[in-house]
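# Observations on the three-dimensional arrangement
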Amino acid sequence: MNSLFPDRTAFLASVVSKEEAIVALKAHIDVVDVKNPAEGALGAALPETISEIRGVVPKTIPVSAAIGDMPYLPGTAALAAIGAAQAGASIIKVGLYGAKTPDEVLKLLFSVSTALKKYCPESSLVVGAYADAQFFGGIDFLAVPSMAAEAKAAGCLLDTFDKSFGHNLLEIASMERVRDFVSACREWGLFSALAGSLKLEDIPLLLPLRPDYLGFRGALCEGGRSGKLSSRKVLEISSLIAGESSTCRRS
Ligand SMILES: O=C[C@H](O)COP(=O)(O)O
């Protein structure tokens with residue numbers, strides 16, 4: 001398993017600027033994730049934003065970057081991945097929005113993983129699956145871990161595409177299917193990350209599944225994911241993950 005934190009569930013906080021990264025770092029966070037909510041669930045930030053955030057985050061804390069709710073454009077995806085890695089991200093997240101068949105998923109993922117291996121061998125690929133893929137004809141999220149493993153990804157993220165109110169991960173996917181996703185990642189040697197408008201109250205429900213990461217943005221902000229990051233909310237979620245996680249891993 002590729003998790004950097006094998007004995008507990010880690011906290012990934014999504015930020016849009018170096019100012020937000022500084023706010024987030026007042027709490028204990030394990031991964032600083034860079035995204036641009038204006039361009040979607042896994043919207044890509046500008047390269048300089050990634051570099052600025054990398055510049056204020058201690059080197060001991062990985063920086064991940066979303067490169068988009070990717071259409072089925074393997075070349076574009078490969079170039080975007082290299083751009084994000086060159087800008088300072090060591091973990092690259094690509095959302096499987098446009099690839100509709102296993103062949104398309106594999107072609108897109110191999111384009112990205114081959115490019116990262118050649119030009120940015122220190123970086124890791126995380127494949128973004130969507131719990132609400134059925135609403136846009138995307139690939140079922142339970143089919144993604146095996147293909148991510150075939151493409152030599154390091155991990156899989158289960159997220160939601162539609163971030164409007166009421167599209168929380170556990171309101172869209174059953175706990176059984178989310179559990180199956182985490183188990184499939186483990187079986188395929190991938191780390192698992194869960195996200196999707198997660199709320200504070202989802203943490204004790206999800207931690208027993210022992211995901212490697214829980215990812216948040218909306219719940220960290222005042223007024224939703226396009227709002228400003230709140231240090232109080234970051235601290236609240238960080239403390240709950242740390243507290244509950246150590247209990248779960250001991251059991
Ligand atoms: O990758 C992390 C997620 O996209 C977090 O964003 P969210 O909490 O707004 O769904």
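Note that the structure is a prediction, hence the values are computed from the model and not measured. (Residues numbered from 1 in each chain as written. Predicted model: local features only at pLDDT ≥ 70, side-chain atom pairs only at ≥ 80, totals over all residues. Heavy atoms only, no water.)

### Examining the packing of helix 3 (residues 74–87) against helix 4 (residues 102–119)
So the rule is basically this: Axis definition: a line fitted to C-alpha atoms, limited for helices to the stretch in contact. Angles are taken between N-to-C directions and run from 0 to 180 degrees. For helices the rule is a DSSP run of H or I covering at least 4 residues; for strands it is a run of E covering at least 2, with both sets numbered from the N terminus onward. Left-handed describes a crossing whose near helix is turned anticlockwise from the far helix through less than a right angle; right-handed describes the clockwise counterpart. We call two residues contacting when some pair of their heavy atoms lies within 4.5 Å. When residues are sorted by character, Ala, Val, Leu, Ile, Met, Phe, Trp, Tyr, Cys and Pro go into the nonpolar class, Asp, Glu, Lys and Arg into the charged class, and all the rest, Gly among them, into the polar class.
Interaxial distance between helix 3 and helix 4 falls to 8 Å at its minimum, and their mutual angle equals 35°. Between helix 3 and helix 4 lies a crossing of right-handed hand. The residues of helix 4 that touch helix 3, namely those facing P74, A77, A78, A81, I82, A85 and Q86, are K107, L108, S111, V112, A115, L116 and Y119. The class makeup of the residues in the contact of helix 3 with helix 4 is eleven nonpolar, two polar and one charged.

### Examining the environment of S146
Applicable threshold: Under the scheme applied here, a residue whose accessible area is under 20% of the maximum for its type counts as buried, over 50% as exposed, and between as partly exposed, the area being computed with a 1.4 Å probe on protein chains only. The definition of a polar contact used here is a pair of N or O atoms within 3.5 Å, where within protein one atom must be able to donate a hydrogen and the other to accept one, and adjacent residues in sequence count solely through side-chain atom pairs.
Structurally, S146 can be placed in helix 5 (residues 144–150). What makes S146 partly exposed here is its relative accessible area of 27%. Each C-alpha atom, one on S146 and one on V234, is 33 Å from the other, the two residues being 88 residues apart in sequence. Of the polar contacts made by the side chain of S146, one reaches the backbone oxygen of A143; its length is 3.4 Å.

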